[in-house]
Amino acid sequence: MGEPAQPAPDPAGDRSPWNWLLIIPIVVPLIPALFNAIEPTFISFPLFYWLQLAFIALGVATTTVVYQMTKKRGGGDR
Amino acid sequence: MWEKVHVVELVVFVVLFLAVSAMGFVAARWRRPATMEHLDEWGLGGRNFGSWITWFLIGGDLYTAYTFVAVPALIFGAGAMGFFAVPYTVIIYPMVFLVLVRLWSVSHKHGLVTPADFVRARFGSPTLALLVAITGIVATMPYIALQLVGIEAVLKTIGLTGTSTVARHLPIIIAFAILAAYTYQSGLRAPALIAFVKDSLIYIVILAAIFILPAKLGGWDAIFGAAQAKFDATKANPNDGLLLNANNQLQYITLAFGSALALFLYPHSVTGVLASKNRNVLKRNMSALPAYSLLLGLLALLGYAAIAAKIVPLPGTKTPDTNTVVPLLFQSEFPAWFAGIAFAAIGIGALVPAAIMSIAAANLFTRNIYKEYLNKEASPAQEAKVSKIASLVVKVGALLCIILLDPQFSIDLQLIGGVIILQTLPSVAIGLFTRWFHKGALIAGWVAGMGFGMWMLYNVSNAVRDHWAGSNFPLSKLGFDTKMTIYAGLVAVVANLLVAALGTVVLRAFSVADGADKTAQPDYFVDEDTPRGTATPTEAAVA
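Residues numbered from 1 in each chain as written. Chains lettered and ligands numbered in written order. Predicted model: local features only at pLDDT ≥ 70, side-chain atom pairs only at ≥ 80, totals over all residues. Heavy atoms only, no water.

**Student:** I'd like to hear about the overall build of chain A, residue by residue, with values.
**Tutor:** If you tally the helices and strands in chain A, you get 3 helices and 0 strands. Seen in sequence order, chain A has helices and strands lined up from the N terminus as α-α-α. Counting across all 78 residues of chain A, residues that qualify as buried make up 38%. For chain A, long-range pairs separated by at least 24 residues make up 48% of all intrachain contacts whose partners lie at least 6 apart in sequence. Counting only carbon and sulfur atoms, one obtains 70% of the accessible surface of chain A, whose full area is about 4300 Å². (Helix = DSSP H or I, 4+ residues; strand = E, 2+ residues; numbered from the N terminus. Buried < 20%, exposed > 50% of the residue type's maximum accessible area, 1.4 Å probe, protein only. Contact = heavy atoms within 4.5 Å. Areas by Shrake-Rupley, 256 points an atom, 1.4 Å probe, with all protein chains shown as cover.)

**Student:** Could you give an account of the overall build of chain B, naming the residues involved and the relevant values?
**Tutor:** What chain B contains, in helices and strands, is 22 helices and 2 strands. Against the 2.2 N^0.38 benchmark of 24 Å for 543 residues, chain B shows a C-alpha radius of gyration of 23 Å, consistent with a compact globule. Principal-axis analysis of the C-alpha atoms gives chain B an extent of 70 × 60 × 40 Å. The buried share of chain B, reckoned over its 543 residues, is 63%. Partitioning the intrachain contacts of chain B with sequence separation of at least 6 by distance along the chain shows that 83% fall at a separation of at least 24. Summed over all atoms, the accessible surface of chain B reaches about 19100 Å², with 68% contributed by carbon and sulfur. (Rg over C-alpha atoms; globule rule 2.2 N^0.38 Å.)

**Student:** Residue-level account of the packing of aromatic side chains, with values.
**Tutor:** To describe a pair of aromatic rings, one takes the distance between the centres and the angle between the planes. Residues and elements named next belong to chain B. Under the counting rule described, the total for this entry stands at 38 aromatic pairs over all chains. Judged by centre distance (5.0 Å) and plane angle (70 degrees), the ring pair of tryptophan 55 and phenylalanine 56 falls under edge-to-face. Summarising the burial analysis for this pair, tryptophan 55 and phenylalanine 56 share the class buried. Both rings, one in tyrosine 63 and one in tyrosine 292, keep their centres 5.3 Å apart while their planes meet at 20 degrees; by these two values the pair is stacked. Highlighted residues: tyrosine 63 in the loop between helix H3 (51-62) and helix H4 (65-78) and tyrosine 292 in helix H14 (residues 290-308), separated in sequence by 229 residues. Exposure class is identical for tyrosine 63 and tyrosine 292. Each is buried. (Phe/Tyr/Trp six-rings, centres within 6.5 Å; stacked < 30°, edge-to-face > 60°.)

**Student:** Would you mind going over the side chain of Thr424(B) in detail, with residue names and values included?
**Tutor:** All names here are of chain B. Tracing the backbone shows threonine 424 in the loop between helix H18 (407-421) and helix H19 (425-428). By relative accessible area, threonine 424 is classed as buried at 2%. A polar contact of 2.7 Å, which involves the side chain of threonine 424, links it to the backbone oxygen of isoleucine 421. Residues within four places of threonine 424 in sequence aside, it is in contact with Val132, Thr135, Leu265 and Ala429. (Polar contact = N/O pair within 3.5 Å; in protein donor to acceptor, adjacent residues only side chain to side chain.)

**Student:** Describe the interface of chain B and chain A, listing the residues and the values that go with them.
**Tutor:** If you look at the interface, chain B gives 46 residues, while chain A gives 37 residues. The junction of chain B with chain A conceals about 3700 Å² of combined surface from both sides, 71% of it contributed by carbon and sulfur atoms. When residues of chain B are sorted by the area they lose upon contact with chain A, Pro94(B), Leu243(B) and Phe525(B) head the list and together hold 15% of the total. Seen at the junction of chain B and chain A, the total is 0 salt bridges. Among the secondary structure elements, those contributing two or more residues to the side of chain B that touches chain A are helix H5 (85-110), helix H10 (219-233), helix H11 (249-263), helix H13 (279-288) and H14 of chain B. Among the elements that take part in the side of chain B that touches chain A, H5(B) stands out by supplying 10 residues, more than any other. Per-class residue counts for the side of chain B that touches chain A are 29 nonpolar, 9 polar and 8 charged. (Buried area = accessible area lost by both parts, 1.4 Å probe. Salt bridge = Lys/Arg side-chain N within 4 Å of Asp/Glu carboxyl O. Nonpolar A, V, L, I, M, F, W, Y, C, P; charged D, E, K, R; others polar.)

**Student:** Give a detailed account of the confidence of the model for chain B, specifying residues and quantitative values.
**Tutor:** Atom-level detail of predicted coordinates should not be read off regions where pLDDT is low. Across chain B, pLDDT averages 88, with 97% of residues at or above 70. Confidence drops under pLDDT 50 across residues 536-543 of chain B; counting only partners more than four residues distant or on other chains, this segment forms 4 contacts. (pLDDT = per-residue confidence, 0-100.)

**Student:** Go over the confidence of the model for chain A, please, and point to the residues and values.
**Tutor:** All names here are of chain A. Of the residues in chain A, 74% have a pLDDT of 70 or more, and the chain-wide mean is 80. Ranking the elements of chain A by mean pLDDT puts helix H2 (residues 32-35) last, at 93, and helix H1 (residues 23-27) first, at 95. Here residues 1-9 is modelled with pLDDT under 50, and outside its nearest four sequence neighbours on either side it reaches 9 contacts, counting other chains as well. Below pLDDT 50 for its whole length, residues 74-78 participates in 4 contacts with residues either more than four positions away or in separate chains.

**Student:** Just give me the short version of the packing of H3(B) against helix H9 (residues 189-216) of chain B, but keep the residues and values in it.
**Tutor:** All names here are of chain B. Interhelical geometry of H3 versus H9 gives an angle of 75 degrees and a closest axis separation of 8 Å. Here H3 lies roughly perpendicular to H9, going by the angle between them. Contact with H3, carried on its side by Ile53, Trp55, Phe56, Leu57, Gly59 and Gly60, involves Pro191, Ala192, Ala195, Phe196, Lys198, Asp199, Ser200 and Tyr203 of H9 and no other residues of that element. Tallied by class, residues from the contact of H3 with H9 come to 9 nonpolar, 3 polar and 2 charged. (Axes fitted to C-alpha atoms, helices over the stretch in contact; angles between N-to-C directions. Parallel < 35°, antiparallel > 145°, perpendicular 65-115°, else oblique.)

**Student:** How would you explain the packing of helix H7 (residues 126-158) of chain B against helix H15 (residues 325-333) of chain B if you had to name every residue and give the values?
**Tutor:** All names here are of chain B. Running from N to C, H7 and H15 point in directions that differ by 35 degrees, and their axes come no closer than 9 Å. Note that H7 runs across H15; the crossing there is right-handed. Listed contacts from H15 to Ala153, Val154 and Thr157 of H7 are Pro327, Leu328 and Gln331. Grouping the amino acids of the contact of H7 with H15 by side-chain chemistry returns 4 nonpolar, 2 polar and no charged. (Left-handed = near helix turned anticlockwise from the far one by under 90°.)

**Student:** Now, about the side chain of Asn459(B): what can you tell me, with residues and values included?
**Tutor:** By the element assignment, Asn459(B) lies in the loop between helix H20 (439-458) and strand E1 (472-474). Among residues more than four places away in sequence, those in contact with Asn459(B) are Phe473(B) and Lys477(B).

**Student:** Go over the pattern of salt bridges with me, naming the residues and quoting the values.
**Tutor:** Residues and elements named next belong to chain B. One pass over the full model with this rule turns up 14 salt bridges over all chains. Here lysine 376 and glutamate 372 are joined by a salt bridge, their closest N and O atoms 3.7 Å apart. Judged by its relative accessible area of 52%, lysine 376 is exposed. One salt-bridge network, held together by shared partners, links Asp117, Arg367, Lys371 and Glu383.

**Student:** Hey, could you go over the nonpolar core for me, with residue numbers and the actual values?
**Tutor:** With 202 residues, the main nonpolar core has Tyr49(A), Phe83(B), Tyr252(B), Leu301(B), Leu302(B), Tyr304(B) and Phe330(B) as its most contacted residues. Ranked by residues supplied to this core, first place goes to helix H16 (residues 336-374) of chain B with 19 residues. The residues touching Phe83(B), leaving out its near neighbours within four places in the chain, are Phe48(A), Tyr49(A), Gln52(A), Leu53(A), Ile75(B), Tyr252(B), Gly297(B), Ala300(B) and Leu301(B). (Core = buried A, V, L, I, M, F, W, Y, C linked by side-chain atoms within 4.5 Å.)

**Student:** Go over the environment of Ala260(B), please, and point to the residues and values.
**Tutor:** Residue and element names in this part refer to chain B. Mapped onto the secondary structure, alanine 260 falls in helix H11. Taking the C-alpha atoms as reference points, alanine 260 and tyrosine 88, separated by 172 residues in sequence, lie 5.6 Å from one another. If sequence neighbours within four positions are ignored, alanine 260 has contacts with Tyr88, Ile91, Ile92 and Met95.

**Student:** Can you break down the environment of Thr64(A) residue by residue, with the values?
**Tutor:** One can find Thr64(A) in helix H3 (residues 47-70). A residue is classified by how much of its surface remains accessible, and Thr64(A), at 30% relative accessible area, is partly exposed. Counting along the chain gives 11 residues from Thr64(A) to Leu53(A), while the straight-line C-alpha distance between them is 18 Å. Side-chain polar atoms of Thr64(A) contact the side chain of Ser287(B), separated by 3.3 Å.

**Student:** I'd like a description of H5(B), backed by residues and values.
**Tutor:** All names here are of chain B. With 26 residues, H5 ought to run about 38 Å at 1.5 Å a step, and its terminal C-alpha atoms sit 35 Å apart, in line with that. Burial runs high along H5: 25 of the 26 residues are buried. In the segment just after H5, glycine 111 is the residue with positive phi, at about 65 degrees. (Expected span 1.5 Å × (residues − 1).)

Here it is in structure tokens:
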């Protein structure tokens with residue numbers, strides 16, 4: 001019973017500071033004040049629609065950066 | 001029996017459907033295993049899928065036919081609120097980025113097949129594992145039934161509908177019998193192979209629609225304008241419109257957040273995850289799967305296109321069946337052969353998740369009920385056999401749901417399903433990061449969250465119904481002086497966590513015995529180079 005006492009090895013970058021970036025695409029799409037408006041429109045799309053679609057790119061960019069910066073490279077460095 | 005059938009649409013639909021069914025049967029030979037008589041093979045496709053297969057499989061699994069029909073229907077009816085599907089499917093991947101690789105590693109190391117398997121190993125409590133398994137099965141059943149609702153919306157539009165029960169349901173019974181047969185034979189390989197066709201068809205259809213429809217309907221200006229005019233005309237409903245208002249913003253973000261928390265707790269999502277080859281496949285897919293979110297977002301906007309095209313939904317049992325607006329839009333704006341392809345995409349799109357869901361529910365039954373309580377000595381071959389039969393039972397159950405009950409009942413149940421599956425969050429998702437919670441406290445939290453969640457859902461009413469009318473719980477019922485609503489599932493899981501935390505402190509204070517943890521910290525980081533665990537860790541550990 002109880003918690004394992006020894007500090008965890010971190011072979012896969014679970015504790016890498018890069019992981020904190022993941023918070024951005026989680027929090028930003030949950031702030032309606034950023035996108036709950038018609039203007040400015042973009043190719044006739046109200047802000048509400050085009051900006052939230054654009055958040056998809058934000059999510060992809062972030063997960064890609066975090067993956068590239070934390071993946072195992074050959075000898076197991078991080 | 002059937003009148004006014006659109007023949008060209010029907011022919012295209014049937015041809016594509018049969019071609020895909022043939023693939024389902026052939027799939028047993030694809031990446032052929034030494035034996036199919038093992039849950040790792042039948043239930044997880046060999047646990048060896050690479051990035052591409054995983055992308056198609058999980059994409060086809062999560063973005064179901066029902067989603068593709070229901071989200072535009074929601075936009076058609078309510079406007080901005082329906083767009084929650086976009087933030088939902090944006091935030092989910094960064095949220096689970098670190099969670100799923102841990103689940104993959106510990107499952108690889110210990111030969112786990114279901115989320116309840118993990119809970120069993122982590123908290124040493126068959127009771128808690130049983131609760132997680134039952135929660136999973138109960139939440140999955142109506143989800144499978146909803147896939148049938150998706151197919152029915154299409155069949156109805158083609159004209160395969162009528163007054164008699166046989167006329168209404170015969171096509172869907174045939175479709176499901178074929179699905180059951182090839183899932184029985186090929187296991188997870190069938191939906192994995194079919195997903196290639198299904199997703200390709202969906203991408204072609206949606207992209208074509210997104211470029212062609214605005215041109216036909218006078219551009220996006222006219223489409224959004226028509227939607228605005230429609231919502232302006234319905235003063236009776238203050239919660240529709242092109243934008244959110246002060247009272248439904250909280251509902252919008254809590255629904256997106258709560259749905260994202262719930263999605264990867266569903267057994268069928270876990271099945272897709274555990275079928276992948278290694279950790280990098282999963283991490284890469286966290287960047288690649290949002291392509292489906294873009295598709296879903298664009299598709300959602302077809303709900304507005306349907307308004308601009310003046311689509312009138314087909315009649316349902318009581319109210320108009322808005323799930324038919326997208327099929328009707330294709331029927332009215334495109335040539336029959338293209339509408340046929342679109343319908344096939346939706347129809348086949350229902351089969352992939354239905355197959356994976358039935359496999360996942362069957363695995364839960366086999367691993368956490370049959371093996372745990374009925375036959376502890378079950379061999380891998382027996383497990384595979386039981387799972388195959390259970391998958392048939394699950395499908396028949398879902399079919400009966402649709403035939404015997406009002407489809408609205410399945411929709412309600414699925415809504416409840418989202419709330420109840422969230423109650424496994426503390427033991428499954430948080431359990432991957434900490435063993436702090438006491439097993440008894442987790443059970444108490446589950447009971448509390450479940451009870452509170454049901455009470456809230458019961459108390460949601462709208463203009464037509466007094467109870468079970470949605471997941472948007474009015475905060476005024478908790479004593480707050482506001483018109484705001486909140487997603488009931490999220491409130492329920494917070495209650496669950498509070499009880500579990502409090503219970504843990506109390507149980508520890510009284511030194512109540514806790515279960516043993518069979519996993520160790522490094523297990524959460526192993527990759528494919530570590531040998532895969534056997535499906536029976538108990539005996540292996542003893543020997």
